Amino acid sequence: LNPLDICGYLSLQWMHKIGLLRKEEKTGLLIPISVGSGDNMCSALGVGCVQPGMAVMSLGTSGTIFGVSHSPPSSEVAPFADATGRYLPLVCIMSCTAVLNSVL
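Residues numbered from 1 in each chain as written. Predicted model: local features only at pLDDT ≥ 70, side-chain atom pairs only at ≥ 80, totals over all residues. Heavy atoms only, no water.

Q: Give a description of helix α2 (residues 39-46) that names residues and reports values.
A: Among all positions in α2, only N40, M41 and A44 are buried. Buried residues of α2, seen end-on, are gathered within an arc of 105° and therefore sit on one face of the element. Structural note: α2 exposes D39 and G46 on the side pointing more than 90 degrees away from its buried face. Buried residues along α2 sit against β3 (55-59), β4 (63-67), β5 (78-81) and β6 (87-93). (Buried < 20%, exposed > 50% of the residue type's maximum accessible area, 1.4 Å probe, protein only. Helix = DSSP H or I, 4+ residues; strand = E, 2+ residues; numbered from the N terminus. Arc of directions from axis to C-beta. Contact = heavy atoms within 4.5 Å.)

Right under this line is the structure:
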């Protein structure tokens with residue numbers, strides 16, 4: 001699927017189950033289901049990192065740096081896909097907070 005493709009619609013069974021429709025209702029709004037994404041992919045999209053050569057650094061519980069690419073990354077970085085259909089090479093260090101506490 002491409003990033004903007006709709007892969008289906010929420011079924012009446014799920015609309016009833018999660019409370020979008022009462023049990024006696026037999027029709028509802030068509031709620032599209034589309035391709036999902038992950039936290040880093042969505043953060044890249046949210047800050048406008050959508051062109052090859054752009055990068056984002058995120059420092060928190062973990063530390064990550066990731067950028068957009070037209071081609072797959074080397075085997076030394078995680079080969080994620082971004083939210084626009086390109087690649088999002090990502091490098092992560094766990095426990096970034098502990099590192100930051102040591103150097104700040």
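Having seen the structure, we can now continue with the description.
Q: Give a description of the pattern of salt bridges that names residues and reports values.
A: If you walk through the whole model with that rule in mind, you get two salt bridges. Its salt-bridge partner being E24, residue R22 comes within 2.9 Å of it at the nearest N-O pair. In this pair, the class of R22 matches that of E24, namely exposed. Residue R22 pairs with E25 through a salt bridge whose shortest N-O separation is 3.9 Å. Looking at R22, the relative accessible area reads 53%, which means it is exposed. Under the relative-accessibility criterion, E25 is labelled partly exposed at 25%. (Salt bridge = Lys/Arg side-chain N within 4 Å of Asp/Glu carboxyl O.)

Q: Explain the nonpolar core to me, using residue names and the numbers behind them.
A: By size, the foremost hydrophobic cluster in this structure holds eight residues: M41, A44, C49, V56, F66, V68, L88 and L90. Every element with two or more residues in this core is listed here: α2 and β6. Residues within four places of A44 in sequence aside, it is in contact with C49, V56, F66 and L88. (Core = buried A, V, L, I, M, F, W, Y, C linked by side-chain atoms within 4.5 Å.)

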